[in-house]
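Residues per chain are reported as follows:
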Amino acid sequence: MSDLEAVADDLRAAQAEGRGAIELALLARERLGEEFGVISFIASFRLAFGVPLPVLQRAQAWQRFDWGGVAISDEEFSSLLAPWLGGQTDQAT
């Protein structure tokens, strides 16, 4: 099992426990450590939840990733991913 597959398994388990998009993204960043970046974020969420690529391309602009360019808020990030996470959204943490 690859690192991304293991992270995807962790993300699915955390989502089943009720964690929302923000918590899941922070978990992916924590689990991947130095390997975390735009590609690994997109890959892990596609593997875990089948989120379409255009949605993840928008989500990667999340302000907490700080990858530069136009940033989106916690609320937009959670709303974008909610349809694939069982409608769960986070409170801004």
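Owing to the predicted nature of the structure, the values given are computational and were not obtained by experimental measurement.

Moving on to the overall build of the protein. Across its full length, the protein holds five helices and zero strands. The N-to-C order of helical and strand elements in the protein reads α-α-α-α-α. At 12 Å, the protein has a C-alpha radius of gyration in line with the 12 Å of a compact globule built from 93 residues. On the principal axes, the C-alpha backbone points of the protein span a range of 35 × 25 × 25 Å. Here the protein, with 93 residues, has 39% of them falling under the buried criterion. Relative to all contacts within the protein whose residues are 6 or more apart in sequence, the contacts with residues 24 or more apart total 55%. Within the structure as shown, the protein displays about 5,000 Å² of accessible surface, and the carbon and sulfur contribution to it stands at 48%.

Going through the model one piece at a time under the given rule, you end up with eleven aromatic pairs. With 5.3 Å between their ring centres and 55° between their planes, Phe-36 and Phe-65 make a pair best called tilted. Here Phe-36 is found in the loop between helix H2 (21–32) and helix H3 (38–49), whereas its partner Phe-65 is found in the loop between helix H4 (53–59) and helix H5 (74–81), with 29 residues between them in sequence. Here the aromatic cluster, defined as three or more aromatic residues joined through ring pairs, consists of Phe-36, Phe-41, Phe-45, Phe-49, Trp-62, Phe-65, Trp-67 and Phe-77.

Further remarks concern the packing of H2 against H3. Relative placement of two packed helices is described by the angle separating their axes and the distance separating the axes. Where H2 contacts H3, the axes come no closer than 11 Å and their chain directions differ by 120°. Viewed along their axes, H2 and H3 adopt a mutual orientation that is oblique. The two elements H2 and H3 meet at a crossing, and its hand is right-handed. Contact residues: H2 offers Ala-21, Leu-24, Ala-25, Ala-28 and Leu-32, while H3 offers Ser-40, Ser-44, Phe-45 and Phe-49. For the contact of H2 with H3, the class distribution of residues is seven nonpolar, two polar and no charged.

This next bit is on the environment of Leu-24. On the secondary structure map, Leu-24 appears in helix H2. Between the alpha carbons of Leu-24 and Ser-40 there is a distance of 13 Å; along the sequence they are 16 residues apart. Setting aside residues no more than four positions away along its own chain, Leu-24 makes contact with Leu-11, Ala-14, Gln-15, Arg-19, Phe-45, Phe-49 and Leu-85.

We now examine the nonpolar core. Counting 28 residues, the largest nonpolar core has Leu-11, Phe-41, Phe-45, Phe-49, Phe-77 and Leu-81 as the members making the most contacts within it. Elements that contribute at least two residues to this core include exactly helix H1 (3–16), H2, H3, H4 and H5. The element contributing the most residues to this core is H2, with seven residues. Excluding anything up to four places from it in sequence, Phe-41 contacts Phe-36, Leu-56, Ala-59, Gln-60, Phe-65, Trp-67 and Phe-77.

Let us look at the side chain of Asp-74. Looking at the element boundaries, Asp-74 is found in helix H5. When its relative accessible area of 7% is taken as the criterion, Asp-74 is described as buried. A distance of 2.9 Å separates polar atoms of two side chains, one belonging to Asp-74 and the other to Trp-62. Side-chain polar atoms of Asp-74 contact the side chain of Arg-64, separated by 2.6 Å.

Thresholds applied
- Residues numbered from 1 in each chain as written.
- Predicted model: local features only at pLDDT ≥ 70, side-chain atom pairs only at ≥ 80, totals over all residues.
- Heavy atoms only, no water.
- Helix = DSSP H or I, 4+ residues; strand = E, 2+ residues; numbered from the N terminus.
- Rg over C-alpha atoms; globule rule 2.2 N^0.38 Å.
- Buried < 20%, exposed > 50% of the residue type's maximum accessible area, 1.4 Å probe, protein only.
- Contact = heavy atoms within 4.5 Å.
- Areas by Shrake-Rupley, 256 points an atom, 1.4 Å probe, with all protein chains shown as cover.
- Phe/Tyr/Trp six-rings, centres within 6.5 Å; stacked < 30°, edge-to-face > 60°.
- Axes fitted to C-alpha atoms, helices over the stretch in contact; angles between N-to-C directions.
- Parallel < 35°, antiparallel > 145°, perpendicular 65-115°, else oblique.
- Left-handed = near helix turned anticlockwise from the far one by under 90°.
- Nonpolar A, V, L, I, M, F, W, Y, C, P; charged D, E, K, R; others polar.
- Core = buried A, V, L, I, M, F, W, Y, C linked by side-chain atoms within 4.5 Å.
- Polar contact = N/O pair within 3.5 Å; in protein donor to acceptor, adjacent residues only side chain to side chain.

Purely geometric numbers; function is a separate question.
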